[in-house]
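Listed below, chain by chain, are the residues.
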Amino acid sequence: MHQKWQHFSTASRKWLWILVVLGIVAALPVAYDRYQTESSASNVELVFNYRGLAEVASYHAHPEQFLQEQLDKLKAAGITSMAMFESTLDDFKKSRRLMVYNAQDIAQMTQSVVPTDENFTYILFTNEENAGRLTPVIEDTFKSLDINVKPWEFHGQKGLIIETSPEDAALKPMQPDPIAFEMLRSKGFHIVPRMSDSLPYDQEAMEKLLAYYEANDVKRILFEGDSVRGFNDNEDKNSLQSFANLLNQHGIGIAAIENTKKPQAGMSTLAYNIHYNVVRLYSLSDKDALLDENTIADRFALATKDRNIRMLYINTAPSRSASKAMVTDSIDNIIKSLKEPGNAIEQMEKNGFHMGRAEAFHITDSSLQHYLKMVVVLGGVAFVALMISYFLPLLTLPAFVLGLIGSAGLYVLKPTLFEQALALFVAISGPTVAMILAVRKINALNGADSELATGRRVTHAIVLYIKTAIISMAAIPFVIALLNNITYSLVLNQFRGVSLLHAAPILLIAVFVILYRGGQPFRQIGKLFRTPITLLWVVAGVVIAGAGMYYLSRTGNAGKVSSIEMVMRTFLENTFHVRPRNKEIAMHPLFLLGIFLSIRYRNAVYIMIFAVIGQLSMVDTFAHIHSPMKISLARDLLGLGIGFILGLIAIVVWQIAEGCWKKWSPRLKQQ
C-alpha cells in the first residue's frame, strides 16, 4: 500500500506540471493588463519647494529681486510647478508681508508698562495690499479655532491683535500665501499645495479651499507630516471619506512620497476613496541637492524609469560656507543637473517620458481577470505541491488538496494576505524546483560517466543552464498575476516576505544536496549525527553565518551599497541602459561553472547551494512591483546573458588552471 501510494504520488507530478503550465497561460493576459497600466502615464512633473526658495531669498540684500530672478531661471531650466506649504506667521514675516511683536515689544514701542495678565500677539502689515489680502486669511484661521482677532493700528500702519501667545500663534497653519500664489501663477507655474493634518477638519472650510484650488488649476496635493488631511478626525467625523468626496468633486489627486520612514497615516484609505488618483513622488533633499550634477541627473532618470516615479520634488536651503565667507544655496547646481552638464531632462525624454503635469495610471482590469486568477491560483498551489513532492513524495496530493482548501479560506477571510502568501510560496518553489531538477540531472550524468569529454560537459552545462533558468522564471507569471494590484505599484501596499524568499531556496537546496542526493535521507541524517564536530566545522559555521547575515542585510531597499559597487552599477547602467542585479552577475557564472565541474567531480555539486541565489534573484526582481515589468524582464535577460558569457570564461580559466596543475603538480611533489 505504501509503495502504491508513493508511486501514485510520484506519477501525479505530471498532472501538477500541467496545472502549472495552465496557470502560466492564464497569467499572461493579467500580465498584459499590468503592462497597459504601467504604460498609461508618461508625464513627469518637476516640482520646486517654494518655501526653501523664499528662505534662500531672505538671506540676500534684495530678497524680492533675487526671488524673481531665480524663479525665471528655474522656469527656463524646466521647472513647471511650485510646491506651496500652508503659511504661518513666520513665513509671512520672512517674506516681509508683516511684522510680529509680543507684549513686551509693544510696551517698549508705546513707552508703557507690560500688562500683567495679557500675552497677545501683535501684527503690523508692511503695506495696504498685504493688510487687505492677509487679514481675511488670518482672521478665518484663528476664529475657526475660537481665538479672538481684532483690528489694531500703530503709527498709521494697519495690524491685528491675536489673543494668544506669539509662540502659540506661530504654530497655526493657514492657507498658502495668496499673494505669492498669484505671483507664481502669473509666471506660468502650476501650484502643488502641501497640506497638513494639524488642525481640526472643517468640511466647509475645505470645500472653500478646494474650490479656490480648482479655479487656479491645481491638479494634485502633497501632504506634510505623518498623516493625510482628515486622518486625525476620521473616527469622529468620517473625515477621510468627506475629504475624498471633495477631492473627487474638484478633480484633484494626491501624491505619495517614496521611501518615507513609514507611510503617511490614512494614505491607503484616501487613495482608495479617490479611485487611486495617486502618483509616486521622489524627493531630493536640500543636502542631496548639493551633490554632483551628474549624480542628481542619474537619480532623476532612474527614479522615473525604474520605479514608476512621476513627480520629482526638489528642495533647497541656505547654507553658511566658511570657505567662501558667504551664504550659499544649491539652485545653480540643480539647474545644471536639469540642463547641462547633467542633462536630466534630456535623459528622461530619451527614456520615453514627457515633461508635464503628472497623471495617475489608468488602471486596466479586464473582465476576464477574475476568472483567470482562479486558474493562476490552481497552478500556483500545484507549483508549491511540486516542490513538496521532491522532499516528501507521500504528501504530494495532500499538500495540493490542503493548499486549495487553505487558499479558499484565506481568500475569504484575508484576500490580501492570501495573494501575498501564495505569491511568496510560488516564488520560493520556482527556483527550488528548478535547482532540484538540475542537481538530479547532474547526479545522473556523474553516475553514468564522470569522464565525459570537455565538449560534452560544456554542452550539458549550457543546456542545463537554460533549462533551469526557464523553470525558475516559470514562477514569475504567478507573482505578476497574484500581485497585479495598483496598490503595489504605488507602494501603498508592499509584498512581504522578501527575506524569506532570499533564504528559503538556499536552505532547501542545502537540505536536498546533503540529505536527498543519495536517495536515502534518513540514512544521511544518521550519518550526520554520527560525524564528529571539528574546529574546522565550527570556523566554517561562523563564516557561513556571517556571510548569511550580510547577504540578508542586502535584501530589500535598506541595504547599503559600497563605493566599488556603485561604480559597477553606474557602468552597467550606462552600458546596457538597464542594470542587471549584481547577485545574478555573480551567481549565474558560478552556476554554469558548477554544472561543468559537478559532472566530473561529485562533491562540486555543493556549489549549487550558493548558485541558487541567482535563480531566486530573477524571481525576486519581479517582486518589486513598483518597477515596470519590461525593466524587470530586461534585467533578468541581461543577467542571464552576462552570466552565461562570464560562466564560459570561468570554464576556460578552470580548464587552463587544471591543465597547469596536472602538468606541474608531479614536479612539485618530487621537490
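Further up the page is the structure itself.
Below you will find a few notes about this structure. Keep in mind it's a predicted model, so treat the numbers as computed, not measured.

Re the packing of helix H10 (residues 203-215) against helix H12 (residues 239-250)
So, step 1. At a closest axis distance of 10 Å, the pairing of H10 and H12 adopts a crossing angle of 25°. When the interaxial angle is binned, H10 and H12 end up roughly parallel. Taken as a pair, H10 and H12 cross one another with a handedness that is right-handed. In this structure, H10 contributes Gln203, Met206, Glu207, Leu210, Ala211 and Glu214 to the contact, and H12 contributes Ser242, Phe243, Leu246, Leu247, Gln249 and His250.
So, step 2. Taken together, the residues that form the contact of H10 with H12 break down as six nonpolar, four polar and two charged.

What to know about the nonpolar core
So, step 1. Of all hydrophobic cores here, the largest spans 85 residues; its most connected members are Phe383, Met435, Phe591, Ile595 and Met608.
So, step 2. Tallying contributions element by element places helix H19 (residues 415-448) first for this core, with 15 residues.
So, step 3. Among all residues touching Ile595, those that are not within four sequence positions of it are Ile442, Ala461, Leu464, Tyr465 and Met608.
So, step 4. Listed in part, the 68 residues of the second largest apolar core include Phe48, Ile79, Leu247 and Met267.

A look at the environment of Ser268
So, step 1. Following the sequence through the fold, Ser268 ends up in helix H13 (residues 267-273).
So, step 2. As a C-alpha pair, Ser268 and Asn493 span 225 residues in sequence and 7.9 Å in three-dimensional space.

Let's talk about the packing of aromatic side chains
So, step 1. Overall, the coordinates contain 16 aromatic pairs when judged by the stated rule.
So, step 2. When the ring of Tyr201 is compared with that of Phe243, the centres are 6.3 Å apart and the planes differ by 65°; the resulting orientation is edge-to-face. Remark: Phe243 occurs in helix H12 and Tyr201 occurs in the loop between strand E7 (190-195) and H10; sequence separation between them is 42 residues. Across the pair, exposure class does not vary: Tyr201 and Phe243 are buried alike.
So, step 3. With a centroid separation of 6.2 Å and 75° between ring planes, the pair formed by Tyr282 and Phe300 is classed as edge-to-face. Placement of the pair is Tyr282 in strand E10 (residues 278-284) and Phe300 in helix H14 (residues 293-306), with a sequence separation of 18 residues.

Looking at H10
Residue pairs spaced three or four apart in an α-helix point in one direction, given the helix's 3.6 residues per turn.
So, step 1. Given a rise of 1.5 Å per residue, 13 residues ought to cover 18 Å, and the 18 Å separating the end C-alpha atoms of H10 matches this to within 8%.
So, step 2. Of the positions making up H10, those classed as buried are Met206, Leu209, Leu210 and Tyr213. In an axial view of H10, the angular spread of the buried residues amounts to 95°, which keeps them on one side of the axis. Opposite the packed face of H10, turned more than 90 degrees from it, sit the exposed residues Glu204, Lys208 and Ala215.
So, step 3. On its buried side, H10 packs onto helix H9 (178-186), E7, strand E8 (220-223) and H12.

Considering the sheet that holds strand E4 (residues 121-125)
So, step 1. In space, the four strands of this open sheet follow the order E3-E4-E6-E5, with antiparallel pairing throughout. The open sheet terminates on both sides in strands that have one partner only, identified here as strand E3 (98-101) and strand E5 (149-154). Here the strands of the sheet are splayed against their neighbours by 25° on average, with no regard to which way each runs.
So, step 2. As defined by bridge partners, E3 adjoins E4 across four bridges and the pair is classed as antiparallel.

Structural notes on the side chain of Ser489
So, step 1. As for its placement among the helices and strands, Ser489 is situated in helix H22 (residues 486-489).
So, step 2. Look at Ser489 and you get buried, because its relative accessible area is 7%.
So, step 3. Once you skip the residues sitting within four places of it in the chain, Ser489 turns out to touch Arg280, Ile625 and His626.

Quick notes on the environment of Asn315
So, step 1. Examined against the element boundaries, Asn315 turns out to sit in the loop between strand E11 (309-314) and strand E12 (319-321).
So, step 2. Take Asn315: its relative accessible area is 12%, and that puts it in the buried class.
So, step 3. Along the sequence, Asn315 and Ser330 sit 15 residues apart, while their C-alpha atoms lie 8.8 Å from each other.
So, step 4. Residues in contact with Asn315, not counting those within four places in the same chain, are Asn49, Ser283, Leu284, Ser285, Asp286, Ala289, Ser330 and Ile334.

Basis of the calculations
Within any chain, residue numbers begin from 1 and follow the written order of that chain's sequence. Per-residue local features of the predicted model are confined to residues with pLDDT of at least 70, and side-chain atom pairs are confined, for both listing and counting, to 80 or more; whole-chain, interface and lining totals are unaffected and use all residues. Side-chain metrics rest on all non-hydrogen atoms present in the structure, leaving aside hydrogens and water. The angle between two axes is taken between their N-to-C directions and runs from 0 to 180 degrees, where each axis is a line fitted to C-alpha atoms and a helix contributes only its stretch in contact. Each helix corresponds to a stretch of at least 4 residues labelled H or I by DSSP, and each strand to a stretch of at least 2 residues labelled E; elements are numbered beginning at the N terminus. Note that the term roughly parallel is reserved for angles under 35 degrees, roughly antiparallel for angles over 145, roughly perpendicular for angles of 65 to 115, and oblique for everything else. Handedness of a crossing is defined here by the sense of rotation of the near helix relative to the far one, left-handed for an anticlockwise turn of less than a right angle and right-handed for a clockwise turn. Any pair of residues with heavy atoms lying within 4.5 Å of one another is described as a contacting pair. Residues are grouped as follows: nonpolar covers Ala, Val, Leu, Ile, Met, Phe, Trp, Tyr, Cys and Pro; charged covers Asp, Glu, Lys and Arg; every other residue, Gly included, is treated as polar. Residues belong to a common nonpolar core when they are buried Ala, Val, Leu, Ile, Met, Phe, Trp, Tyr or Cys residues joined through side-chain atoms within 4.5 Å. Three labels apply to residues, based on accessible area from a 1.4 Å probe with only protein chains included: buried if under 20% of the type maximum, exposed if over 50%, partly exposed otherwise in between. Only the six-membered ring of Trp is used, alongside the rings of Phe and Tyr, when aromatic pairs are assigned; centres must lie within 6.5 Å, and planes under 30 degrees apart are stacked while those over 60 apart are edge-to-face, with the rest tilted. Expected helix span is given by 1.5 Å per residue-to-residue step, counting one fewer step than there are residues. The arc in question is the one spanned by the directions pointing from the helix axis to the C-beta atoms. Two strands are said to pair when DSSP picks up at least two bridges between them.

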